[in-house]
Amino acid sequence: MSDGQDPRAQLRAHLQFYADLGIAGFSRDAAWTGRRAAEAGHRAPEERIASASNALSVEQDASTADGRLPTADLSALDSLEALRAHIGPQCTRCKLCQLGRKQVVFGVGNPQADLMFVGEAPGSDEDEQGVPFVGRAGQLLTKIIEAIEMRRDDVYIANVIKCRPPGNRNPEPDEVAVCEPFLFRQIDLVRPRVIVALGKFAAQSLLRTDTPITKLRGRVHQFRGATLVPTFHPAYLLRSPDKKRETWEDMKLVRSLLRQAPGETGPAAVEGGEAR
Ligand code: URA
Ligand code: URA
């Protein structure tokens, strides 16, 4: 926003995006933005690297019946930075390390976020920069976050797997099995109140279901102590802009869930899927 552009032009572009999302009008909800600012003031300082980071190893040899590995005990890793150090910048636990990925893309954002986004896997821009959702889809994700009056820095963003699959193919089951315990630990450390699963792959993978994204979205699911809201992937929205309206409906649901007092179950918190 501070790129020296005429503010009126900026505002016009912003309004155009909201219009593209199918948003009809605006409400200036001071209570909402005010509450978030107050909460931000009570954030604890950045977590420190825990000495436990090298004391753990991932068991890779005991697949369960569904081909998924049992979640390794990562519980001694008591901060995101300890977890990041444990994974290491050049992880070799799955075959993606030999298939052209440049680096591990761990995750980014507020370590105590109320809202977390989970995508599929890094693409080429993310692989270059080591940060999730920085390419075209990521820029759209940033706008989607801003559309509910939050900033990218307020939320936490990660992917089901942390390395780029070659040619942006879908992650394979063995890759997910090895990597997803790290995402689960991130979720357990951040303890978001709401998780948005971005796209078919993330939603189906997290919820252990083959139900189409069109059926999963538009309702809430319970996942690791959070309310999970599936929606379309921003890369899909770039190809199918008409789906932005439904995405906006999902984001309004997210906003209303976040507005509820912690622990409160109001009308928005209707159980819609398998609990895990
Ligand atoms: N798509 C994803 O699913 N994740 C990213 O980080 C970038 C693009
Ligand atoms: N296909 C996907 O992979 N994701 C979506 O969000 C929609 C269709």
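**Examining the side chain of Asp 127**
- Within the element layout of this structure, Asp 127 appears in helix α4 (residues 124–129).
- Although buried, Asp 127 forms no salt bridge, and the nearest oppositely charged side chain, Lys 102, lies 4.6 Å from it.
- A distance of 2.7 Å separates the side chain of Asp 127 from the backbone nitrogen of Lys 102, its partner in a polar contact.
- Those residues in contact with Asp 127 that lie beyond four places of it in its chain are Gly 100, Arg 101, Lys 102, Gln 103, Val 105, Pro 122 and Arg 164.

**Overview of the sheet that holds strand β4 (residues 194–198)**
- In spatial order, the strands read β1-β3-β2-β4-β6-β5; together these 6 strands make up an open sheet with mixed pairing. For this open sheet the edge positions go to β1 (108–109) and β5 (221–223), each flanked by a neighbour on one side alone.
- Of the pairings in the sheet, the one linking strand β2 (residues 115–119) to strand β3 (residues 156–159) comprises 4 bridges and is parallel in character. Residue pairing in the sheet places Phe 117 in a bridge with Ile 157 of β3.
- Against the sheet, helix α6 (residues 173–190) contacts β2, β3, β4 and β5, and its axis sits at roughly 165° relative to β3.

**A closer look at the confidence of the model for the chain**
- Scored by pLDDT, the chain has a mean of 83; 74% of the residues are at 70 or more.
- For the stretch residues 30–65, pLDDT sits under 50, and the model shows 60 contacts to residues farther than four places along the chain or on other chains.
- Contacts for the low-pLDDT stretch residues 269–276, under 50 throughout, to residues beyond four places or in other chains number 23 contacts.

**Describing the site of ligand 1**
- Near ligand 1, the surroundings consist of Gly 119, Glu 120, Ala 121, Glu 126, Pro 132, Phe 133, Asn 159 and His 233.
- A distance of 3.0 Å separates a nitrogen atom of ligand 1 from a polar backbone atom of Ala 121.
- Contacts to ligand 1 include Asn 159, whose side-chain N or O atom sits 2.8 Å from a nitrogen atom.
- In the complex, 90% of the free accessible area of ligand 1, which totals 230 Å², lies under the protein chains.
- Residues that form the shell around ligand 1 fall into these classes: 3 nonpolar, 3 polar and 2 charged.

Procedures and definitions
Residues numbered from 1 in each chain as written. Chains lettered and ligands numbered in written order. Predicted model: local features only at pLDDT ≥ 70, side-chain atom pairs only at ≥ 80, totals over all residues. Heavy atoms only, no water. Helix = DSSP H or I, 4+ residues; strand = E, 2+ residues; numbered from the N terminus. Buried < 20%, exposed > 50% of the residue type's maximum accessible area, 1.4 Å probe, protein only. Lys, Arg positive; Asp, Glu negative; His and termini not counted. Salt bridge = Lys/Arg side-chain N within 4 Å of Asp/Glu carboxyl O. Polar contact = N/O pair within 3.5 Å; in protein donor to acceptor, adjacent residues only side chain to side chain. Contact = heavy atoms within 4.5 Å. Pairing = 2+ DSSP bridges. Axes fitted to C-alpha atoms, helices over the stretch in contact; angles between N-to-C directions. pLDDT = per-residue confidence, 0-100. Near = heavy atom within 4 Å. Areas by Shrake-Rupley, 256 points an atom, 1.4 Å probe, with all protein chains shown as cover. Nonpolar A, V, L, I, M, F, W, Y, C, P; charged D, E, K, R; others polar.

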